[in-house]
Amino acid sequence: DLLTNHGGTLNAPYGQRIVNQVSLKPRRTWVGSPAARHPGTPATLHHLKPERKTPTSMLFAFRAPALCVTVGSTIGRSWAVAAALAPSTTAWIRTGPSALRRAPGALAGRRSALVAMSSSPSPQGGGPPSLASVEQERTRVALLQFPVTPDKTANLETASDYVRRARGAGARLCVLPEIWNSPYATSAFPEHAEAVPSEGDSVAGAADGREWGVSSTRLMELAVETKMYIVGGSVPERDGGDIYNTCIVVDPSGSVVAKHRKVHLFDIDVPGGIRFKESETLSPGCQASYFEIGTRDGGDLGRIGLGICYDIRFPEYASLLAHGHGCGILVFPGAFNLTTGPAHWELLQRGRAVDGQCYVLTASPARTAPPEEEDGGGAGGKYPHYSAWGHSTAVSPWGEVLATCDEGPNLVLVDLDMSRVDETRAAIPISVQGRRDVYGAT
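Residues numbered from 1 in each chain as written. Predicted model: local features only at pLDDT ≥ 70, side-chain atom pairs only at ≥ 80, totals over all residues. Heavy atoms only, no water.

(A) A look at the overall build of the protein chain. If you tally the helices and strands in the protein chain, you get eight helices and 22 strands. Put simply, the protein chain has 442 residues, and 56% of those count as buried. The contacts in the protein chain between residues at least 6 apart in sequence include a share of 69% that link residues at least 24 apart. (Helix = DSSP H or I, 4+ residues; strand = E, 2+ residues; numbered from the N terminus. Buried < 20%, exposed > 50% of the residue type's maximum accessible area, 1.4 Å probe, protein only. Contact = heavy atoms within 4.5 Å.)

(B) Region of interest: helix H5 (residues 315-324). The set of residues buried in H5 consists of Tyr317, Ala318, Leu321 and Ala322. Projected down its long axis, H5 shows its buried positions confined to an angular sector of 120°, all on one face. When the buried face of H5 is taken as reference, the exposed residues oriented beyond 90 degrees from it are Glu316 and Gly324. Considering only its buried residues, H5 is in contact with strand S13 (256-261), strand S16 (289-293), strand S17 (302-306), strand S18 (329-333), helix H6 (340-356) and helix H7 (419-427). Looking one or two places after H5, you find Gly326, whose phi comes out positive at around 75°. (Arc of directions from axis to C-beta.)

(C) Expanded view of a nonpolar patch on the surface. Together, Trp398, Ile428 and Ile430 make up a nonpolar patch on the protein surface, roughly 250 Å² of accessible area in all. Examined against the element boundaries, Trp398 turns out to sit in the loop between strand S20 (393-395) and strand S21 (401-403). For Trp398, a relative accessible area of 38% translates into the label partly exposed. (Patch = residues over 30% accessible without salt bridge, like charges linked within 9 Å, V, L, I, M, F, W, Y side chains within 5 Å. Areas by Shrake-Rupley, 256 points an atom, 1.4 Å probe, with all protein chains shown as cover. Salt bridge = Lys/Arg side-chain N within 4 Å of Asp/Glu carboxyl O.)

(D) Local environment of H6. With 17 residues, H6 extends 22 Å from end C-alpha to end C-alpha; this agrees with the ideal 24 Å at 1.5 Å per step. Listed as buried for H6 are Thr340, Gly341, Trp345, Leu348, Gln349, Gly351, Arg352, Ala353 and Gly356. Summarising the contacts, the buried residues of H6 are in contact with strand S14 (267-269), H5, strand S19 (359-363), S20 and H7. Remark: Gln357 follows H6 within two positions and exhibits a positive phi of approximately 50°. (Expected span 1.5 Å × (residues − 1).)

(E) Up close: the packing of aromatic side chains. For the structure shown, the criterion picks out nine aromatic pairs. Measuring from ring centre to ring centre gives 5.8 Å for Tyr184 and Phe189, while their planes differ by 70°; the resulting arrangement is edge-to-face. Following the ring pairs from residue to residue traces out a cluster consisting of Tyr184, Phe189, Phe266, Phe276, Tyr310, Phe314 and Tyr386. (Phe/Tyr/Trp six-rings, centres within 6.5 Å; stacked < 30°, edge-to-face > 60°.)

(F) Molecular detail of unusual backbone geometry. The phi angle at Lys227 is positive, at roughly 60°, despite the residue not being glycine. Residue placement: Lys227 occurs in the loop between helix H4 (214-226) and strand S10 (229-231). We classify Lys227 as partly exposed; its relative accessible area is 47%.

(G) View of the environment of His192. With respect to the secondary-structure elements, His192 resides in helix H3 (residues 189-192). Here His192 falls in the buried class, since its relative accessible area comes to 4%. Not counting chain neighbours up to four residues away, the residues in contact with His192 comprise Pro150, Lys152, Asn181, Ser182, Pro183, Pro236 and Tyr383. Within polar-contact distance, the side chain of His192 engages the backbone oxygen of Ala188 at 3.1 Å. (Polar contact = N/O pair within 3.5 Å; in protein donor to acceptor, adjacent residues only side chain to side chain.)

(H) How the structure looks around the pairing of S17. The buried fraction of S17 amounts to four of the five residues, a majority that puts the element mostly inside the structure. As paired strands, S16 and S17 are joined by five bridges and run antiparallel to one another. Bridged to Ser289 within S17 is Leu306. The pairing of S17 with S18 spans three bridges and is parallel. When the sheet's bridge partners are listed, Leu306 is paired in S18 with Val331. (Pairing = 2+ DSSP bridges.)

(I) Representation of the side chain of Gln349 within the structure. Tracing the backbone shows Gln349 in helix H6. Excluding anything up to four places from it in sequence, Gln349 contacts Ile312, Val360, Thr362, Thr393 and Val395.

(J) Broad picture of the packing of helix H2 (residues 152-168) against H4. The contact between H2 and H4 brings their axes to 11 Å, and the two run at 20°. Put simply, H2 runs roughly parallel to H4. The way H2 lies across H4 gives a crossing that is right-handed. Along the contact surface, H2 presents Lys152, Leu156, Glu157, Ser160, Val163, Arg164 and Arg167, while H4 presents Val214, Ser215, Arg218, Leu222, Glu225 and Thr226. Taken together, the residues of the contact of H2 with H4 sort by class into four nonpolar, three polar and six charged. (Axes fitted to C-alpha atoms, helices over the stretch in contact; angles between N-to-C directions. Parallel < 35°, antiparallel > 145°, perpendicular 65-115°, else oblique. Left-handed = near helix turned anticlockwise from the far one by under 90°. Nonpolar A, V, L, I, M, F, W, Y, C, P; charged D, E, K, R; others polar.)

(K) Main features of the sheet that holds S17. With mixed pairing, six strands are arranged side by side in an open sheet as S16-S17-S18-S19-S20-S21. Of all the strands in the sheet, just S16 and S21 have a single pairing partner and so form its edges. Strand-to-strand, the axes of this sheet are offset by a mean angle of 25°, without reference to chain direction. The pairing of S18 with S19 spans five bridges and is parallel. Along S19, the bridge assignment pairs Pro333 with Ala363.

This is how it looks when you write it as structure tokens:
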């Protein structure tokens, strides 16, 4: 089952240790250790048992100080997954048996190759020395999964660090998690709520006397600094007497190109699980939101739809964005919990991707320890503790999990092949096959 190490190193972000690619065969999967550093040198291999099997793919989880592997996907096309991992990081690799039969060299050269990289930066240490020296990849997206604390100033610094790391890894678009500047607690929202700019406002607006909260201002400044599009997760927004769960999108000029207020409020009561009522504090938004980065047929990311967490549970909303407004990517910053996360987080993302025949991207806060487990306690106990599920994820229009991570701090990078959206919609044209005459009569 061992294929020869075929060389060709990967550029790991921030000088992390890298290893040569190791080819894998279907059914039995092996991963090369860091000893495999030179082309032609046999790799030291470790056999992994699959966590989950389906008729078309297998999902593996592993921990290692540093490694990368080459795998293939299903439905006759190839893609590569490269993991440049920090110590004690878990990466998830999905393999499909059909593409793995191809020669190793074919993986890198195919037009449809998709590269997904997962790494776990430490909040300390800052980004690379020169962001401008790193070329941006046109369709590379970064999902930022970082810990959130009761200290807003600390959260701003952590978010800034992760945004810069995303830019240092060549991302053009990055996505922050839901409620990244505040504890996820209804009692915390009023205290942390801020004024948030509207679509069309720009970072230059501060000179005109307009005052926005520090979180939105920081995102606008970071967009200008990094020349990235930033999907700003969400923050509690104060507008008059109302508080909203709000996401803004900022373009590289520092202008707000979209603003989404969470439409469906997270009001649940699962016996023996979790009770949470966002409506105790928050008001709902009333519109679908999207923005554009060029066009898909021009090789760009195209139209991108926005939702926040609980919005993903409503297929009508996702269908409106994907088929009604033509979005090829749906982005959902979210903070699922330890009850709904393991049951529904991946399932809902794959469901919305298949329904909408589009990419689905999610960014979650990293999981943090309850106050009694934190050193020193203190301010950590001011609000009810919320344990986020984590597992920020990218899913393809075919419903494949392209890249994901565990519950800890992570930076997930994905290069999206936008031609797959139109190919999938042409192959299975559900947008024009719907029987609205039947649905409307029931």
